[in-house]
Amino acid sequence: MRYSFDSPEPKPDERLALMSTPPSTTPKDEVEWLPLQNHPIFSTTTAAASSDGAVQSSTFRMPTNLLAWDGASRLYFWDQDKHCLHRISIRLGEPHPSSVLAASPSKVLRADVQLKFVVSKISINRNGSALLLAGPDGLSVMYLYGCTSTKDGSGTSICRTVSIGSHIYSSGNNVIRTLQVSWHPCSDSHMGILSSDSVLRIFDLSSALEQPEQEYYLQPVEPGRCRNAASICPVEFSFGGDHLWDRFSVFVLFSDGSVYILCPVVPFGSVYKWESILEMYHDAQTFGLESSYPKAVSNSNRAITWLEATFPELCLEATGGNLSAVKAQPYALFDASISLQGPLPKVGHGGEEDIHAQVEESEGRAVSLLYNAISKDSILVTAWSGGQLQIDALADEIQPVWIVGTPPRVCFDSHDRIVGVAMICESVTGDHSALKLYEPSDHTVWSGYPPPLLRLAMVDLALPRNRESTSLISMVSDPLIPERMFVLHDGGIDSIVLHFLPFTSQTSSKNESMRTPSVHPVLCTSQGGYSSPLFGFLALSDSFGYSWIVGLTSSRECIVLEMKTWDLLLPVHVEREGVATLDESRVNGNLVISKELLSGPKVVLLPPSSNLRSVTADSIEGRSTLHQYFKLFHENYVEYAHKVYFELKHHGPQLKKIIEDQHGRLRVAHQKLLKVEEKQEKLDDRIARATHVHSLLEERLQRWRNLPGVRKKPLSNAEREFKSELDRFTGVELDALHSSIEALNARLQRYAHSSQGNPSNQQRQMSSRRKNYVQDDHISLLKSSLAKLSLVNSENTKKVKLLESTLSHRQSIG
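In this text, all values refer to a predicted model and were calculated from it rather than measured experimentally.

All right, on to the sheet that holds strand 34 (residues 492-497) then. Here four strands make up an open sheet; going across it, the order is 32-33-34-35 and the pairing antiparallel. Edge positions in the sheet fall to strand 32 (474-477) and strand 35 (518-524), since each of these pairs with one other strand and no more. Sheet twist, expressed as the mean angle between neighbouring strand axes with direction ignored, is 25°. Where strand 34 meets strand 35, six bridges bridge the pair, whose relative direction is antiparallel. In the sheet register, D494 faces strand 35, and the bridge partner there is P521.

Here you go:
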């Protein structure tokens, strides 16, 4: 195993400028707009060595596709004969919605260096500034802008072309071959390359061309424990879509059909939506940290740490509320490497697993993988060399998993910034049989288990059995309808539409039963047992809902087909009443008009072995020739006219009956239309009234919302208990204080009245004051006690009033 990290290649500013330079505004010559399939560059006369290209393509290990589209108005075609690139301006849906026009002549772009490999695939990046030229023996990128024109007047532009990883993929012995190359969906300068040495490399074209930014050495099984050599041979990979942790995932397919996941994989400097990152961050905090399982808490903590370091805006969430997109910062855990999650277990609809009991449903080896995010579902489609398609859906969400104790190798620059990462990605050994499809989420969320695959369907393309072993199957998703995908094989193109999605159908409250995918043949390229593979394929679409497919044959013929889109996903409901069957158009088992009459008379222009110039009309030979002419005319035209007359006369009543029946059905349909129009008026009135009532109800609801009593909330349990304690206090202790105060006041009044009304007693008291000082002290004590009770009573009264006002205020605002 080899790690190769050097200092990054210089001149990154020049490379960034080339990738971001806008198209130059040069004066255009007069061009002719004609249908795309009639463009001169697709003429078979211009293909000098198309047969040689067809022979060479059979040895390619990757599907051939010499067409690319920038998603707007430019189509690119790589000419294998002239080793140049054609840029064609196109107009979708002009002048008719079903047509595609192309500008002629096309713009010719050439590389500034000579390519030392055969180009088998071209692909354009997200912003349309760079084009990938890929082949099994080399990789190059052509920058489409910043070109220089030649001086010979031909209009050819010279584009800067650079080689990617030439010391790895373009070595003399060709030991390492590229299996798949793909642009990253969230970056304009990053591409992923899967090679035959089981290494996934990610290159950043804005910083280094020869040195990969990230390297992932895939080890799906432990050394020495491999039971099948196919289980360690990667075939294809796919970046994830815009759905939670799927956007940081890479799906890798091995030749035995097993699928593994790498998560998280993020190119340095790639851009993501801020709302998506924030959703993942809150999900990890809510479901991971609050779990009762220590393993789930540990995994979520590591994921949160990685998110906060990769996207520092999360630590400043209060200031990041106005962000729309964030850029990923270079970061890697220094004590852990990314785990190769898998192989993904397969479960059936009953929830029973069949990990150990593999059903022989497919033939050959796995050759292609397609990932597609459809609403809330993540779909994986695996193609087998025998012509079978295995359609699965992820039954659970993807979470990042690291293996602690296997540190990666990190490369820094002079400013202590990470410029390269390499790590060995191993699969976690363990028994995943505890993972069930219908288990509670507490047992599976952030537990480190790979998400299971729910089998949706198995589709057999019924390909011929005598195909070559080198033939491949490739799949492309429809840019307009996510539920539809196109399958390319040696026999042509098929369209597959998914009518059932587990999570999407569940959230949309669809009660219909599970429908199998529908398969429709779109294009057939095989005749008489000979199949001609396509050299190019594109799926075009515009903003008006129209869709086309463009194919390029081995003889350099362009095929443009309009695809039906509006009723693909509608449920099938057949109304039996009033539908004319085929038996109604037949009479006594015979068609109304025979096929012989519809095909017309047999045309015989001249009798056999006749020479009109050598005979005259008065001669015997001339008369014989005229006789033969009359005989042929009578046999072919007069007899045909008699047959037509007899057929029409014989079937006249039947045709009249059918026409009357059609007129009757037309009248019934007209009456139904009149009823529908009448009901439409009533429906319009009802809708208008309902709209008016709805507006009135909204006004009443708004008035109710403005009332103070509407905002009252019921008291909580604590508030009710506190109120009951106050009620007991006001009903018992306050009443007791009031009764005590009243009794003391009555006693004081009686004592004062008795002392004032008896003067003899006063004199007696004054004379014997020293003797009765005890009574005076008792009176003073009573007065002081009365004052204290009055003070306590007033304070308690204030407290009760304050509590009552607080309760009433809470009830009014609650």
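A few words now on the environment of K346. When you line up the elements, K346 lands in strand 24 (residues 346-347). For the pair K346 and D392, spaced 46 residues apart in sequence, the C-alpha to C-alpha distance is 8.6 Å.

Attention now moves to unusual backbone geometry. Cis geometry is adopted by the peptide bond preceding P105, which originates at S104 and carries an omega value of 5°. Relative to the helices and strands, P105 is located in the loop between strand 5 (100-104) and strand 6 (107-111). Cis geometry marks the peptide bond from G342 to P343; its omega dihedral reads -5°. Note on placement: P343 falls in the loop between strand 23 (340-341) and strand 24. Located in the positive-phi region is D416, a residue other than glycine, with phi close to 60°. As for its position among the elements, D416 is in the loop between strand 29 (409-412) and strand 30 (418-426).

With 74% of its residues at a pLDDT of 70 or more, the chain has an overall mean of 78. Confidence drops under pLDDT 50 across residues 12-18; counting only partners more than four residues distant or on other chains, this segment forms 15 contacts. Of the regions scoring below 50 in pLDDT, residues 48-60 engages in 15 contacts with residues more than four places distant in sequence or in other chains.

Turning next to the sheet that holds strand 24. What the five strands build is an open sheet, ordered 24-31-27-26-25; its pairing is mixed. Across the chains shown, the open sheet's two edge strands, defined by having one partner strand only, are strand 24 and strand 25 (366-374). In this sheet, strand 26 (residues 377-384) lies alongside strand 25 in antiparallel orientation, the contact comprising eight bridges. Within the sheet, the bridge partner assigned to A373 lies in strand 26 and is S378.

Next up on the list: the pattern of salt bridges. If you walk through the whole model with that rule in mind, you get eleven salt bridges. Its salt-bridge partner being D79, residue R556 comes within 2.7 Å of it at the nearest N-O pair. Placement of the pair is R556 in the loop between strand 39 (547-552) and strand 40 (558-563) and D79 in strand 3 (residues 74-79), with a sequence separation of 477 residues. Taking relative accessible area as the criterion, R556 reaches 7% and is therefore assigned buried.

Here the focus is the nonpolar core. Among the nonpolar cores identified, the biggest contains 62 residues, and Y216, W245, F248, L262, L307, F311 and L380 are the most heavily contacted of them. Setting aside residues no more than four positions away along its own chain, L380 makes contact with F251, V259, L344, L369, L370, Y371, Q390, I391, D392, L394 and L453. Listed in part, the 36 residues of the second largest apolar core include L66, W69, W78 and I124.

Attention shifts here to the side chain of H39. Here H39 shows up in the loop between strand 1 (32-35) and helix 2 (50-57). Setting aside residues no more than four positions away along its own chain, H39 makes contact with L34, I88, A102, A103, S104 and S106.

It is worth spelling out helix 5 (residues 294-310) at this point. Compared with the 24 Å implied by 1.5 Å per residue over 17 residues, the 24 Å span of helix 5 between its first and last C-alpha is a close match. Every buried residue of helix 5 is accounted for by A296, N299, S300, R302, A303, I304, W306, L307 and T310. Close packing links the buried residues of helix 5 with helix 4 (274-288), strand 21 (325-327) and strand 28 (402-404).

Running from amino to carboxyl end, helix 4 crosses helix 5 at an angle of 160°, the nearest separation of the two axes being 9 Å. Accordingly, the angle class assigned to the pair helix 4 and helix 5 is roughly antiparallel. The way helix 4 lies across helix 5 gives a crossing that is left-handed. Between helix 4, through M280, Y281, A284, Q285 and G288, and helix 5, the contact on the second element is made entirely by A296, V297, S300, I304, L307 and E308. Here the contact of helix 4 with helix 5 is built from residues that sort into seven nonpolar, three polar and one charged.

Criteria and thresholds
- Residues numbered from 1 in each chain as written.
- Predicted model: local features only at pLDDT ≥ 70, side-chain atom pairs only at ≥ 80, totals over all residues.
- Heavy atoms only, no water.
- Pairing = 2+ DSSP bridges.
- Helix = DSSP H or I, 4+ residues; strand = E, 2+ residues; numbered from the N terminus.
- Axes fitted to C-alpha atoms, helices over the stretch in contact; angles between N-to-C directions.
- pLDDT = per-residue confidence, 0-100.
- Contact = heavy atoms within 4.5 Å.
- Salt bridge = Lys/Arg side-chain N within 4 Å of Asp/Glu carboxyl O.
- Buried < 20%, exposed > 50% of the residue type's maximum accessible area, 1.4 Å probe, protein only.
- Core = buried A, V, L, I, M, F, W, Y, C linked by side-chain atoms within 4.5 Å.
- Expected span 1.5 Å × (residues − 1).
- Parallel < 35°, antiparallel > 145°, perpendicular 65-115°, else oblique.
- Left-handed = near helix turned anticlockwise from the far one by under 90°.
- Nonpolar A, V, L, I, M, F, W, Y, C, P; charged D, E, K, R; others polar.

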